[in-house]
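Residue-level structure breakdown
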Amino acid sequence: MNELTVYHFMSDKLNLYSDIGNIIALKQRAKKRNIKLNVKEINETEGITFDDCDIFFIGGGSDREQALATKELTKIKTSLKNAIEDGMPGLTICGGYQFLGTKYITPDGTELEGLGVLDFYTESRTDRLTGDIVIESETFGTIVGFENHGGRTYHDYDTLGHVIHGYGNNDIDREEGIHYKNLLGSYLHGPILPKNHEMTDYLLEKACERKGISFEPKTLDNTEEEMAKKVLINRARSNKK
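Description of the structure in this document. This structure is a prediction, so every number in the text was calculated from the model and none was measured.

Phe9, Phe50 and Phe56 are the most contacted members of the largest nonpolar core, which has 57 residues in total. The dominant element in this core, judged by the number of residues it contributes, is helix α5 (residues 197–211), at 6 residues. One finds Val134, Leu232, Ile233 and Ala236 within the second-largest nonpolar core, a separate group that totals 5 residues.

Written as C-alpha cells, this is what we have:
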C-alpha cells in the first residue's frame with residue numbers, strides 16, 4: 001500500500017470551525033485509492049523539517065489563537081516557503097490563509113506581522129461576511145461552502161474561482177481564496193473538503209505526483225458528494241439577495 005504523510009499544524013489551536021473534517025476527507029478519499037494517509041500533528045515547530053511531509057494543512061482560529069500559532073510557525077517560515085515553492089500541496093483555511101501574507105490589520109488599526117510567505121495582506125473589520133457561498137472555478141468546477149469572516153484579503157495571485165453567490169476574499173473583487181502553485185487557501189469553513197471532492201483529489205493527486213506514486217483510479221463514484229453539493233447550491237440560489 002502506498003503512503004502519504006500530512007502535517008497538521010497547530011491542531012490544538014486552529015480548529016475553530018471543525019477544520020479537522022478536512023483531514024477526515026483526505027483520509028477517506030485516499031483510502032478509496034489504496035493509499036494510507038499518515039497524519040502528523042505538529043503543535044511545536046522546533047526542529048521540524050518538511051523532509052517526510054507530502055501535504056500540509058493549517059486551519060482557522062480566533063485572533064488570539066492565530067497570533068500564538070503564527071509566532072510558532074514563524075520559526076519554520078523559510079522552510080514552509082521553500083516547500084510551497086517546490087510544489088508541495090497544502091490547504092490553509094481562514095486565519096491559516098490570512099497569516100501566510102505579510103500583515104493582518106485589526107479593526108483598531110493595529111498591524112500584526114504575518115509569515116510573509118506570500119505578498120498579500122488582510123484588513124479586518126467589525127462587520128462580518130457570512131453565509132453560504134458558491135464559486136465557479138476553472139480548476140475545480142463548482143465549489144460550495146460556508147464563510148464567516150471579518151477579514152478582507154487583497155492579492156494579485158490566482159484564486160480558487162469567481163464568486164457567484166456570497167463574498168469571498170473581500171466585498172469588492174468577487175474572487176475567493178488563493179491558488180499558488182499547489183497551495184490552496186480559502187475562507188470556506190464547514191469544512192471545505194467534504195463538500196468539494198475535486199479539491200480533495202487535487203491535493204492527493206499532486207502529492208502522489210510529487211512523490212512518484214500512483215493515483216488510481218483517477219475518478220470515483222461521486223454521486224452522493226454531488227447530491228450534497230447540489231443541496232447547498234439550491235439553498236444559496238433560493239436565498240440569493
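Back to the write-up after that little detour.
Position of Thr142 among the secondary structure elements: in strand β8 (residues 141–154). Under the relative-accessibility criterion, Thr142 is labelled partly exposed at 21%. As a C-alpha pair, Thr142 and Asn196 span 54 residues in sequence and 8.2 Å in three-dimensional space. Leaving out residues up to four positions away in the same chain, Thr142 has contacts with Val134, Ile135, Glu136, Asn196, Lys229 and Ile233. Within polar-contact distance, the side chain of Thr142 engages the side chain of Glu136 at 2.9 Å.

Thresholds applied
Residues numbered from 1 in each chain as written. Predicted model: local features only at pLDDT ≥ 70, side-chain atom pairs only at ≥ 80, totals over all residues. Heavy atoms only, no water. Core = buried A, V, L, I, M, F, W, Y, C linked by side-chain atoms within 4.5 Å. Buried < 20%, exposed > 50% of the residue type's maximum accessible area, 1.4 Å probe, protein only. Helix = DSSP H or I, 4+ residues; strand = E, 2+ residues; numbered from the N terminus. Contact = heavy atoms within 4.5 Å. Polar contact = N/O pair within 3.5 Å; in protein donor to acceptor, adjacent residues only side chain to side chain.

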